[in-house]
Amino acid sequence: MMNGPVEPFKIKMVEHVGMPDEKRRKEAIKEAGYNTFLLKSEDVFIDLLTDSGTSAMSDYQWSGMLLGDEAYAGARNFYNLEKAIQDILGYKYIVPTHQGRGAEHLMYSHLVKPGQIVPRNMYFTTSKLHVELPGGKMVDMIIDEAHDPENEHPFKGNVDLKKLQKYIDDYGLDKIAFVSVEQDVNMAGGQPVSMENLRKLREFCNDYKLKIIYDATRSSENAYFIREREKGYENTPIIEILREMMGYSDGCIYSAKKDCLVNIGGFLATNDKDIFEATRNMVVVYEGLHTYGGMAGRDMEAVARGLREGTKYEYLKYRIHQVRYLGDMLREVNVPIVKPIGGHAVFLDAVKFLPHLEREQWPAQTLAAAIYEDSAVRSMERGAISKGRDKETGENLFPALELVRLTIPRRVYTNSHMEYTAESIIRLYEKRNTIPGLKMIYEPEYLRFFQARFEKLSL
Ligand code: PLI
């Protein structure tokens, strides 16, 4: 029987991948310090590390690459990108950057003053760091349901306005730099925000004259969920949903490496002239001229075309359902996953998967390494290692969600790859109490999850 919608594309080029044998898998993960970020790609069979920069581009995007205008200033591809962002997201001004964190750097260093806080519907790693570097602190305002993997709330990415009110009361209005809202919240399991919530947040922030800046990185996938789940949007074109969503903000940062179906790129966009002028001024210091911001002309063209392509309903339907296909296979046999299944990835609940491990034996890091050892499938830790340490006390932070992310690159893998992955995880779940934990033996200062190293403990 067929599962879900058929792929709305056919495959025109393939890349061969090899399967390392068991001996090599054991060596490779040990050499990588049990950190999947440190594995060589050639040792990986199915790469579910991230959906960032890993999409397969279309023939339309590749043909656009040949039309790259590599002039230093004023390349035509910049104007195509500007037009695509104006058409799809509705913002007036754009500043291109090399990728999402370049946009975070420009936007957040402009808006955050030392001692200020940034309420957000759950942190993201690079976002939190770019709030902290200018002396700010990111605080959580997501609804409680988001911290419970079993809770089936359809919009677990929603903002809790009572929490936001409390920050205003406790810290004072002038201590709030801006309000940050992520769509299809990554660290919560790819969970969407509802239109109703965005609308109410806008009304709330208007009363206090607070700026709302989105992390719109996965906004197209969020828009699909609004159409699927929110009353009144069942037949609304995705672009209309997106424009309404963006209309409730003052600007956004955007990593083009996800929903724009490209391998590199990013931007910030806004209707606020002050933000635009300040960030356009700084882009030349850190990224490149304001008409390329670190991207080649050909890359801007691919982003412009991918932004439009990634909002097609048939594509998004296939995309979300492929993620759901993998999640459903695991869910059927009671492997603990975050529910509902999110937009870009299936998240395993590592604490429930490996209940015999202490939190300081890093269950999610352990599980990601064990999956690789079993099947050469690469996944990623999204738990305490990603969260890092408290900036003031230096203590490890242990978020409620200790997850392994099986992130599905867009248009890259078939459903047989999903089946292979599910079989490996089910096999491991059956012998879960034989899996020993890890000890951290090297910890870098910033974004430790990328480069930390571990040793295997004995059971
Ligand atoms: O990886 P960048 O610098 O293009 O984008 C940073 C970034 C910002 N916001 C959000 C929500 C992200 O998910 C994000 C990057 N995410 C990565 C790399 C990921 O693997 O999820």
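Please read these numbers as outputs of a predicted model, since none were measured by experiment. (Residues numbered from 1 in each chain as written. Predicted model: local features only at pLDDT ≥ 70, side-chain atom pairs only at ≥ 80, totals over all residues. Heavy atoms only, no water.)

Novice: It is not clear to me how the site of the ligand should be interpreted in this structure. Could you clarify?
Specialist: The immediate surroundings of the ligand are formed by 18 residues, with T50, R101, D215, S255 and K258 found nearest. Here an oxygen atom of the ligand and a side-chain polar atom of R101 are 2.7 Å apart. Here the ligand, which alone exposes 470 Å², has 95% of that area covered by the protein. It is helix α4 (residues 100-111) that provides the largest number of residues to the shell around the ligand, a total of 3 residues. Partitioning the shell around the ligand into residue classes produces 2 nonpolar, 8 polar and 8 charged. (Near = heavy atom within 4 Å. Polar contact = N/O pair within 3.5 Å; in protein donor to acceptor, adjacent residues only side chain to side chain. Areas by Shrake-Rupley, 256 points an atom, 1.4 Å probe, with all protein chains shown as cover. Helix = DSSP H or I, 4+ residues; strand = E, 2+ residues; numbered from the N terminus. Nonpolar A, V, L, I, M, F, W, Y, C, P; charged D, E, K, R; others polar.)

Novice: Sorry, what's going on with the packing of aromatic side chains here?
Specialist: Note on aromatic pairs: each is described by the distance of the centres and the angle between the planes. Taken as a whole, this structure holds 17 aromatic pairs when the rule is applied. With 5.3 Å between their ring centres and 75° between their planes, Y72 and Y292 make a pair best called edge-to-face. Linking Y72 in the loop between α2 (59-65) and α3 (76-88) with Y292 in the loop between α10 (273-286) and α11 (297-309), this pair joins segments that are 220 residues apart in sequence. Since its relative accessible area comes to 55%, Y72 is described here as exposed. Aromatic pair F353 and Y429: ring centres 4.9 Å apart, planes at 65°, arrangement edge-to-face. Of the two residues, F353 sits in helix α13 (residues 350-353) while Y429 sits in helix α16 (residues 415-430), which places them 76 residues apart along the sequence. The pair formed by F353 and Y429 is uniform in burial state, with each residue classed as buried. Here R432 stacks its cationic end above the ring of Y429, 3.9 Å away from the centre of that ring. (Phe/Tyr/Trp six-rings, centres within 6.5 Å; stacked < 30°, edge-to-face > 60°. Buried < 20%, exposed > 50% of the residue type's maximum accessible area, 1.4 Å probe, protein only. Lys NZ or Arg CZ within 6 Å of the ring centre and 35° of its normal.)

Novice: What am I meant to see in the pattern of salt bridges here?
Specialist: It is possible for side chains of opposite charge to pair when their charged atoms get near one another. Throughout the structure, instances matching the rule amount to 38 salt bridges. We note a salt bridge from D144 to K163, for which the minimum N-O separation is 2.7 Å. Taken together, the residues span a long stretch of sequence, with D144 in the loop between β4 (137-140) and α6 (161-171) and K163 in helix α6 at a distance of 19 residues. Taking the relative accessible area as the measure of exposure, D144 reaches 52% and is therefore exposed. Between R324 and E228 there is a salt bridge, with its nearest N and O atoms 3.0 Å apart. Note that R324 is positioned in helix α12 (residues 313-332) and E228 in helix α8 (residues 219-229), a separation of 96 residues in sequence. Overall, the relative accessible area of 18% leaves R324 in the buried class. If you follow the salt bridges from partner to partner, you end up with D51, R218, E221, D259, R319 and R410 in one network. (Salt bridge = Lys/Arg side-chain N within 4 Å of Asp/Glu carboxyl O.)

Novice: I would appreciate a short explanation of unusual backbone geometry in the present structure.
Specialist: Residue P340 is reached from K339 by a cis peptide bond, and omega for that bond is -10°. Position of P340 relative to the elements: it lies in the loop between α12 and β9 (345-349). In this structure, M122 is a non-glycine residue whose phi angle is positive, near 80°. Within the secondary structure, M122 sits in the loop between β3 (117-120) and α5 (125-132). Notably, L447 is not glycine yet its phi reads approximately 45°, a positive angle.

Novice: Which parts of the structure should I look at to understand a nonpolar patch on the surface?
Specialist: Side chains of M282, V284, V285 and Y286 sit close together on the surface and give an oily, nonpolar patch of about 370 Å² of accessible area. Examined against the element boundaries, V285 turns out to sit in helix α10. (Patch = residues over 30% accessible without salt bridge, like charges linked within 9 Å, V, L, I, M, F, W, Y side chains within 5 Å.)

Novice: Help me understand the state of the cysteines in this model?
Specialist: As used here, a disulfide is simply a covalent bond connecting the sulfur atoms of two cysteines. In the structure shown here, the tally under the stated rule is 0 disulfides. The closest cysteine sulfur to the non-disulfide-bonded C252 is located on C260, 9.9 Å from its own sulfur. Owing to a relative accessible area of 0%, C252 belongs among the buried residues under this scheme. (Disulfide = S-S within 2.5 Å.)

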